[in-house]
Amino acid sequence: MLSLVSDVMTHTVVALRDEVAFKDIARTMRRWRVSALPVLDEDGRVVGVVSEADLLPKEMLRDGDPDRFGRAPVLPDPAAKADAVVARDLMTAPAVTVRAGDTVARAARLMAHRHLKRLPVVDDDGVLRGVVSRSDLIKVFLRDDTEIADEIRREVVARFPAAPTGPVRVEVHDGVVTLTGRVWDASLVALVTRLVRTVEGVVDVDCALSGPAGTADPHRAPQEDTARAGDPGAAA
């Protein structure tokens, strides 16, 4: 079962109105120990985000030291950022947001691609409902090993018939999954492995599955098969 943003997000959120002044923004960040704050319009819709990076141009401009070649420092959007005094002029817009029904994986991809530490969570009307952070997303890796193993058996293994020699065995230790046994078709091994990797909380997969007795394991090196074939004591 895929984890959703609603499963891990923080519902109590500190936010700003778009007319909040520069120093009040800085005080709020310091008080709540956050590096970014969503900015809301009068209807509670998220219209942007103010981060520490949005506040820095003013300090850079105040310093004003030229570089060693005598040039003034190059500022990102100096007119809009360095001279801004309220949230609406400081914020980065539009805000990158997610919905509560989005998967944790989608939120993680957005954070990675946009280099963000947190994302506002909004409803269908864009109204703020919470926030999800990097620390929230890694909660999926705190799942109990037994819970992970049970989901793999129920949602993955049960969908594939085992070979007549016995069922597929699933063991999980610290999020690392070990799969042993045989499946009806050796071509299914790679698919089973990929599906197990999608289970929330899985750190890695050690797959020792093979096809029916007498067929080659598609993950075993050819020289290993040759060695086993020449070993009369090797098990089938």
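Scroll up to find the structure this text is about.
The rules behind these values
- Residues numbered from 1 in each chain as written.
- Predicted model: local features only at pLDDT ≥ 70, side-chain atom pairs only at ≥ 80, totals over all residues.
- Heavy atoms only, no water.
- Core = buried A, V, L, I, M, F, W, Y, C linked by side-chain atoms within 4.5 Å.
- Buried < 20%, exposed > 50% of the residue type's maximum accessible area, 1.4 Å probe, protein only.
- Contact = heavy atoms within 4.5 Å.
- Helix = DSSP H or I, 4+ residues; strand = E, 2+ residues; numbered from the N terminus.
- Arc of directions from axis to C-beta.
- Polar contact = N/O pair within 3.5 Å; in protein donor to acceptor, adjacent residues only side chain to side chain.
- Pairing = 2+ DSSP bridges.
- Axes fitted to C-alpha atoms, helices over the stretch in contact; angles between N-to-C directions.
- 1 Å grid on protein atoms, 1.4 Å probe; cavity = no way out; pocket = protein on both sides within 12 Å on 5 of 7 lines; lining within 4 Å.
- Points joined across faces, edges and corners; volume = space filled by probe spheres on them.
- Patch = residues over 30% accessible without salt bridge, like charges linked within 9 Å, V, L, I, M, F, W, Y side chains within 5 Å.
- Areas by Shrake-Rupley, 256 points an atom, 1.4 Å probe, with all protein chains shown as cover.
- Salt bridge = Lys/Arg side-chain N within 4 Å of Asp/Glu carboxyl O.

Enquirer: Sorry if this is basic, but what is going on with the nonpolar core here?
Expert: Side chains that are nonpolar tend, in soluble globular proteins, to be buried together. Within the largest apolar cluster, 20 residues are counted, with the highest numbers of intra-cluster contacts made by Ile-152, Val-170, Val-177, Leu-179 and Val-196. Those residues within four positions of Val-177 in sequence are excluded, and the remaining contacts are Ile-152, Val-170, Glu-171, Val-172, Val-196, Val-202, Asp-204, Val-205 and Asp-206.

Enquirer: Help me understand helix α8 (residues 145-155), please; the structure alone is not making it clear to me.
Expert: By the burial criterion, the buried members of α8 are Ile-148, Ala-149, Glu-151 and Ile-152. Along the axis of α8, the buried residues cluster in a sector spanning 160°; they form a single face. Residues of α8 that are buried sit in contact with β7 (169-173), β8 (176-182) and α9 (188-197). Capping of α8 at its N-terminal end is provided by Asp-144; its side-chain oxygen lies 2.9 Å from the backbone amide nitrogen of Thr-146.

Enquirer: Honestly, the sheet that holds β8 in this entry has me stumped. Any pointers?
Expert: Within a sheet, neighbouring strands are paired by backbone hydrogen bonds and run either parallel or antiparallel to one another. Taken together, three strands build an open sheet; the order of strands is β7-β8-β9 and the sheet is mixed. The open sheet terminates on both sides in strands that have one partner only, identified here as β7 and β9 (204-210). Direction aside, neighbouring strands of the sheet carry axes that sit 10° apart on average. Bridging between β8 and β9 involves seven bridges; their strand directions are parallel. The residue of β9 that forms the bridge with Leu-179 is Cys-207. Across the sheet, α9 lies against β8 and β9, angled at about 155° from β9, the strand it touches most.

Enquirer: I tried to follow empty space enclosed by the protein on my own but got confused; where do I start?
Expert: The probe, sized like a water molecule, is rolled over the atoms to show the empty space still left. The final tally for this structure, using the stated rule, is one cavity of 30 Å³ or more. In this structure, the largest cavity spans a volume of roughly 30 Å³. Around the largest cavity, the lining residues are Val-156, Val-157, Phe-160, Val-168, Val-183, Val-192 and Leu-209.

Enquirer: Just to check I follow, could you spell out a nonpolar patch on the surface for this structure?
Expert: A cluster of nonpolar side chains, Ile-138, Phe-141, Val-176 and Val-203, forms an exposed patch at the surface whose accessible area comes to about 360 Å². Topologically, Val-176 is positioned in strand β8. Exposure remark for Val-176: the relative accessible area of 32% places this residue in the partly exposed category.

Enquirer: I tried to follow the sheet that holds strand β1 (residues 16-17) on my own but got confused; where do I start?
Expert: Strand order in the open sheet formed by three strands is β1-β2-β3, and the pairing between neighbours is mixed. Only two strands of the sheet have a single neighbouring strand rather than two, namely β1 and β3 (46-51). Pairing of β1 with strand β2 (residues 36-40) involves two bridges; the strand directions are parallel. Residue pairing for β2: Leu-16 is matched across the bridge by Val-39. Most of the contacts of helix α2 (residues 22-32) go to β2, to which it runs at about 130°, and overall it touches β1, β2 and β3.

Taken by themselves, the reported measurements are silent on function.
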